[in-house]
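# Summary of the model geometry
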Amino acid sequence: VNMFQEEFALRLTARPGEALYCRLSVNTQLLAKVDQLMKVGRNNFRPPPKVESRVVRLELRNPPPPVNFTEWDGMIRLLFNRKNKTLRSVLLTKSTIKLLDENIRTQRALNSSNNSMMDDEEKMSQQIIEEVVAMEQWKDKRASKLDLDDFLALLAEFNKRGVHFA
């Protein structure tokens, strides 16, 4: 049980679709169950601060979800850079495609894959992104509206197709 400034507490507990829903909300809720217990007014302190406070309970999930947190955070960071844009718009930027190409090359090197590399890897990763975001469950979706299960399923779908975010 912890006390935080009100805006931070609201970000911790924000749900999909709310204005304060952000990376902090998603990552915290992945690893812990978060509940607001009570609001603490500024008049309860001497001298009174300029902000309100809230008491929040964080219960760590035991066991934690079976996800590579570095890769998870890489995907969440990308998607929440522009949380109100569609997944397709966010993932098909040149910088994202370049990053995913580098990750594909790294994965292949780590797996010592002797398969011949495609001449146009950029097209390959771009094609994979197009295929995933064209699926019915991701079509026209936005990061600000997805819940934890959606993000986990999206990461699993990309991993299944050989795209990694770390």
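For the structure itself, look to the data block above.
To keep things clear, this report deals only with the structure shown in the data block. (Residues numbered from 1 in each chain as written. Predicted model: local features only at pLDDT ≥ 70, side-chain atom pairs only at ≥ 80, totals over all residues. Heavy atoms only, no water.)

### Describing the packing of helix H2 (residues 23-31) against helix H7 (residues 148-160)
- Viewed as axis vectors pointing N to C, H2 and H7 meet at an angle of 90 degrees, and their least axial separation amounts to 10 Å. Classified by the interaxial angle, the pair formed by H2 and H7 is roughly perpendicular. Within the contact between the two elements, H2 uses Val 26, Gln 29 and Leu 30 and H7 uses Leu 148, Phe 151 and Leu 152.
- By residue class, the composition of the contact of H2 with H7 is five nonpolar, one polar and no charged. (Axes fitted to C-alpha atoms, helices over the stretch in contact; angles between N-to-C directions. Helix = DSSP H or I, 4+ residues; strand = E, 2+ residues; numbered from the N terminus. Parallel < 35°, antiparallel > 145°, perpendicular 65-115°, else oblique. Contact = heavy atoms within 4.5 Å. Nonpolar A, V, L, I, M, F, W, Y, C, P; charged D, E, K, R; others polar.)

### Focus: the sheet that holds strand E1 (residues 2-5)
- In spatial order, the strands read E1-E3-E2; together these three strands make up an open sheet with antiparallel pairing. With partners counted over all chains shown, the strands left at the sheet margins are E1 and strand E2 (32-40), one partner each. On average, each strand axis in the sheet is tilted by 35 degrees relative to the strand beside it, whichever way the strands run.
- In this structure, E1 lies alongside strand E3 (residues 53-60), joined through four bridges in antiparallel fashion. For Gln 5, the partnering residue across the bridge sits in E3 and is Ser 53.
- Here helix H1 (residues 6-13) sits on the sheet in contact with E1, E2 and E3, set at roughly 110 degrees to E1.
- Running over the sheet, H2 touches E2 and E3 and is turned about 115 degrees from E2. (Pairing = 2+ DSSP bridges.)

### As for H2
- Taken together, the buried positions of H2 are Ser 25, Val 26, Asn 27, Thr 28, Gln 29 and Leu 30.
- Where H2 is buried, its residues meet H1, E2, E3, helix H3 (69-81) and H7. (Buried < 20%, exposed > 50% of the residue type's maximum accessible area, 1.4 Å probe, protein only.)

### Focus: the side chain of Gln 29
- Within the element layout of this structure, Gln 29 appears in helix H2.
- At 2.8 Å, the side chain of Gln 29 forms a polar contact with the backbone oxygen of Ala 14. (Polar contact = N/O pair within 3.5 Å; in protein donor to acceptor, adjacent residues only side chain to side chain.)

### Some details on the nonpolar core
- Leu 79, Phe 151 and Phe 165 are the most contacted members of the largest nonpolar core, which totals 32 residues.
- At the level of secondary structure, the elements contributing two or more residues to this core comprise H2, H3, helix H4 (87-91), helix H5 (94-110), helix H6 (121-134) and H7.
- Not counting chain neighbours up to four residues away, the residues in contact with Phe 165 comprise Glu 71, Gly 74, Met 75, Leu 78, Leu 91, Leu 100, Asn 103, Leu 155 and Phe 158. (Core = buried A, V, L, I, M, F, W, Y, C linked by side-chain atoms within 4.5 Å.)

By themselves, these are just geometric observations and shouldn't be taken as functional.
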